[in-house]
Every structure is written in structure tokens, then in C-alpha cells.
Amino acid sequence: MTLLTEQENKELDKIKEKCLHCQKCPLSKTRTNIVFSGGIPNHKMMLIGEAPGFYEDQKGEPFVGKAGQLLDKILASVGFSRNEHLYICNTLKCRPPENRDPLPEEKEACKEYLEAQINILKPRIILLCGRVAVQSMLDTKQGIIKIRGKWFEGPNFSKMMPIYHPSYLLRNDSREKGSPKWQMWQDIQEIRRVYDLMD
Ligand code: URA
């Protein structure tokens, strides 16, 4: 796993600074904190989620609520941890009220920040966590159920895989063969396999 150079970290800090003062959409009026990123800035793996929820907005960190706890368990099942193996960010940096879906204009306003994060990190692997992340990165009308677990070519020759959002898995608790949780288990093992193949 390669960490960022001092220069790249500085570039990332500049983007974060811009986000802290961002007023490009009305979510800036209702946010408590911006949620810029979590995990470790590195060139190997990045996970893109949807948007901050209540706890993320309070703490200024991604995936710290129930969905985040499940995400940590999924990662740990193949020996990944957020502080050692991946950078985590969201399609939106501010919380939509009542956790509603991001609006197109909010995604559009926030897009430059996500693009900058991707272009500075140039991760080899990008995990698209849930429908909103998929829609912001892949030009497809196919639903997450159809395309989860498949590799797509991403920016800077990266490999991108859509995976289920942990909130969806919290609502679908079965572990039976073929269930969403079972599929997630297949997907995370495939991600680990490809991660280990890359230097
Ligand atoms: N759900 C997301 O998609 N992102 C978070 O940061 C928290 C919950």
C-alpha cells in the first residue's frame, strides 16, 4: 500500500479547506460538520458511500453509525481495517436533512470535491457502496442488485466494484446462500483477492 506524498497530502488538505467553507448548495445551511473523509489516504483502495447521516454530521467522520459498524465488520472479515487499508469518502460531503436521497443539484455541486479526491489519490481499487455512489460513478441504468460484485474500469485505470450499502444489509438480515449478506461475503473476498494481487 502506498501512502500519499507530502505534496499530495497538501493538495488534499486544500480541497478539504474548500469544503469547510463551501456554500454551493443549501445543505451548507443545515450541516453541523462537513464529512470529508475517513480511513487512510493511500493510492490503493478507496470506498465511496452516499452521504453523511446523523452521527457522521455530528462527528465529521464517515460511517460512524450502525451502517459504519457493519462496514467495519465486513472489512474485518477479510483482514481489512479502515485505518490500514482504505480511504473512505462520500458522494456528498454534507448531510441531507432526514437522510433523504441526495438531489441531483446537490450531487452536481459536490462533484468537484469527489473528483479532486479521486484524482489526487488515484486509487487502484474503488468500491462503490450503494446505489447513489454507483450512479455518481457509472453511466448505467442497471440496479445495484444486478451489477454488485462485478468489476468496471474506473478513472486512471482503476478497477471499480459496486457493493451493497451496509444500511441495505441491516434491513436484510438473512445469511442464507444467495441472500444480500451472503453476496456481500462473496464480494469482499473477491476484493481481498484482487487487492492482494496488486502491489
Ligand atoms: N452512509 C453513507 O453512505 N455514508 C456515511 O458516511 C454514513 C452512512
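Structural notes, computed from the coordinates. (Residues numbered from 1 in each chain as written. Predicted model: local features only at pLDDT ≥ 70, side-chain atom pairs only at ≥ 80, totals over all residues. Heavy atoms only, no water.)

The strand order across the open sheet built from 6 strands is S1-S3-S2-S4-S6-S5, with neighbouring strands paired in mixed fashion. Among the strands making up the open sheet, the edge pair consists of strand S1 (38-39) and strand S5 (152-153). Sheet topology note: the S5/strand S6 (residues 159-163) ladder contains 2 bridges and is antiparallel. Its bridge partner being in S6, Glu153 is matched across the sheet by Lys159. Together, strand S2 (45-49), strand S3 (87-90) and strand S4 (125-129) form the strand contacts of helix H5 (residues 104-121), whose direction differs from that of S3 by roughly 160 degrees. (Pairing = 2+ DSSP bridges. Helix = DSSP H or I, 4+ residues; strand = E, 2+ residues; numbered from the N terminus. Contact = heavy atoms within 4.5 Å. Axes fitted to C-alpha atoms, helices over the stretch in contact; angles between N-to-C directions.)

Attention now moves to the pattern of salt bridges. Pairing between side chains of opposite charge can happen when their charged atoms approach one another. One pass over the full model with this rule turns up 10 salt bridges. Residue Lys24 pairs with Glu112 through a salt bridge whose shortest N-O separation is 2.5 Å. You can see Lys24 sitting in the loop between helix H1 (6-20) and helix H2 (27-30) and its partner Glu112 sitting in helix H5, a full 88 residues away along the chain. Through salt bridges with shared partners, a single ionic network connects Lys18, Lys24 and Glu112. (Salt bridge = Lys/Arg side-chain N within 4 Å of Asp/Glu carboxyl O.)

Read these as spatial facts, not as claims about activity.
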